[in-house]
Amino acid sequence: MDMIKIFQLQIEHYEKLDGRPISLEGKANQLSQMVKSNLPAAMQGLAVLPIFAGYDELRDVGRLWDFDITGGRYEEKDFVATGSGAGPASTVIKVGFRPGLDEDAAVDLVCEALWEAADVDSATGGPDALRGIYPIVATISKEGWRQVSDADLQNRFEAIASSRRSAGQGEPS
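Conventions adopted
Numbering of residues begins from 1 in every chain and follows the order in which that chain's sequence is written. Where local features are concerned, this predicted model is filtered to residues with pLDDT of at least 70; where side-chain atom pairs are given and counted, the filter is 80 or more; whole-chain, interface and lining totals use all residues. Side-chain metrics in this entry use all non-hydrogen atoms of the structure; hydrogen atoms and water are not considered. Partly exposed residues are those whose accessible area sits between 20% and 50% of the maximum for their type, while under 20% is buried and over 50% is exposed, using a 1.4 Å probe and protein chains only. Each helix corresponds to a stretch of at least 4 residues labelled H or I by DSSP, and each strand to a stretch of at least 2 residues labelled E; elements are numbered beginning at the N terminus. What the arc covers is the set of directions going from the helix axis to the C-beta atoms. Whether two strands pair comes down to DSSP finding at least two bridges between them. Given a helix with a known number of residues, its expected span is that number minus one, times 1.5 Å. Contacts between residues were defined by any pair of non-hydrogen atoms, one from each residue, lying within 4.5 Å. Pairs of N or O atoms within 3.5 Å make up the polar contacts considered here, provided that, within protein, one atom can donate a hydrogen while the other can accept it, and that residues adjacent in sequence are counted only when both atoms are side-chain atoms. Classification of ring pairs uses Phe, Tyr and Trp, with its six-membered ring standing for Trp, and accepts pairs whose centres are within 6.5 Å; under 30 degrees between planes counts as stacked, over 60 as edge-to-face, and the remaining range as tilted. The term nonpolar core refers to a set of buried residues drawn from Ala, Val, Leu, Ile, Met, Phe, Trp, Tyr and Cys, joined through side-chain atoms within 4.5 Å. Helix axes use the C-alpha atoms of the stretch in contact, all axes being lines fitted to C-alpha atoms, and the angles between their N-to-C directions lie in the range 0 to 180 degrees.

## What to know about helix H4 (residues 86-96)
- Along H4, the positions that sit buried rather than exposed are Ala86, Ala89 and Ile93. Buried residues along H4 cover an arc of 70° about the axis, so they all sit on one side. Opposite the buried face of H4, by more than 90 degrees, sit the exposed residues Lys94 and Val95.

## Some points on the pairing of strand E3 (residues 73-76)
- Relative to E3, strand E2 (residues 61-67) is paired through 4 bridges, and the arrangement is antiparallel. Counterpart to Phe67 in the pairing with E3 is Arg73.
- Connecting the antiparallel pair E2 and E3 is a turn made up of 5 residues, with Gly71 showing a positive phi of about 95°.

## Here we look at helix H5 (residues 103-120)
- With 18 residues, H5 should reach 26 Å at 1.5 Å per residue; the first-to-last C-alpha distance of 26 Å fits that figure.
- Every buried residue belonging to H5 is among Val107, Leu109, Cys111, Ala113, Trp115, Ala117 and Ala118, and all of these are buried.
- In this structure, the buried residues of H5 make contact with H4, strand E4 (138-141) and helix H6 (150-166).
- Where H5 starts, the residue carrying a side-chain oxygen 3.3 Å from the main-chain nitrogen of Asp104 turns out to be Asp102.

## Points about the packing of aromatic side chains
- On inspection of all chains with the given rule, the structure shows 5 aromatic pairs.
- With a centroid separation of 6.4 Å and 25° between ring planes, the pair formed by Trp115 and Phe157 is classed as stacked. One end of the pair, Trp115, is in helix H5; the other, Phe157, is in helix H6, with 42 residues separating them in the sequence.
- A network of ring pairs unites the aromatic residues Phe7, Phe52 and Trp65 as a single cluster.

## Quick look at the nonpolar core
- In terms of nonpolar packing, the biggest core is built from 12 residues, these being Met3, Phe7, Ile11, Ile22, Leu24, Ala28, Leu31, Met34, Val35, Phe52, Trp65 and Phe67.
- Those elements that place two or more of their residues in this core are helix H1 (2-18), helix H2 (24-37) and E2.
- Looking at this core, the element that brings in the most residues is H2, giving 5 residues.
- Setting aside residues no more than four positions away along its own chain, Ala28 makes contact with Phe52, Trp65, Phe67 and Arg73.
- Ranked by size, the runner-up nonpolar core spans 10 residues in total, among them Trp115, Tyr134, Phe157 and Ala161.

## Considerations on the pairing of E4
- Where E4 lies against strand E5 (residues 144-147), 4 bridges are found, and the strand directions are antiparallel. Residue pairing across strands places Ser141 opposite Gly144, the latter belonging to E5.
- Here E4 folds back onto E5, and the loop between the two strands holds 2 residues.

## Considerations on the sheet that holds E2
- Read across the sheet, 3 strands follow the order E1-E2-E3 without closing on themselves; strand pairing throughout is antiparallel. Strand pairing shows two members of the sheet lacking a second neighbour, strand E1 (51-56) and E3, which therefore form its edges. Taken over all neighbouring pairs, the strand axes of this sheet differ in orientation by 30° on average, direction set aside.
- With 6 bridges connecting them, E1 and E2 associate as antiparallel partners. Residue pairing in the sheet places Ile51 in a bridge with Asp66 of E2.
- Sitting on the sheet, H2 touches E1, E2 and E3, and the angle it makes with E2 is about 10°.

## As for the side chain of Thr124
- For Thr124, the location among the structural elements is in the loop between H5 and E4.
- Thr124 gets classed as buried once you look at its relative accessible area, which sits at 17%.
- Within the structure, the side chain of Thr124 is placed 2.7 Å from the side chain of Asp121, a separation counted as a polar contact.

The values reported here are purely geometric and, on their own, carry no functional implication.
Set out below in structure tokens:
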């Protein structure tokens, strides 16, 4: 969370000095430098591997990057997952993704991916229906960033749980 705050502050500072908004690509470059500067802490086990996405107004398209521990940035075409649950999450998304997926179907697919990742990997933050705690899921479009409400996520995760129960698979651990 601190890295996010520092990143936001750096972008604001740059934009004030330059007198204009920084491009989405410029923001990705700034984040790459932050990740690179974190390398000593990463070598001690405190790695931060962000995913950065946004709507590029210059190109009129959504863009997506992931980063490696040295600050290398990689633009992805359709989707990306990172962290210890990335394997199962990526598999679910790869199987379910298709070009032109509408927002509702995309959120359903992300919820499925998070469910499977949390089921396989204890470090992945899946849903906790008992406490009413859900992962942060958001959409990004030309209109901006929008967080999916916990009430919406609750309904989606309950539907997944119901489907798994009827298939005899149970809840994520």
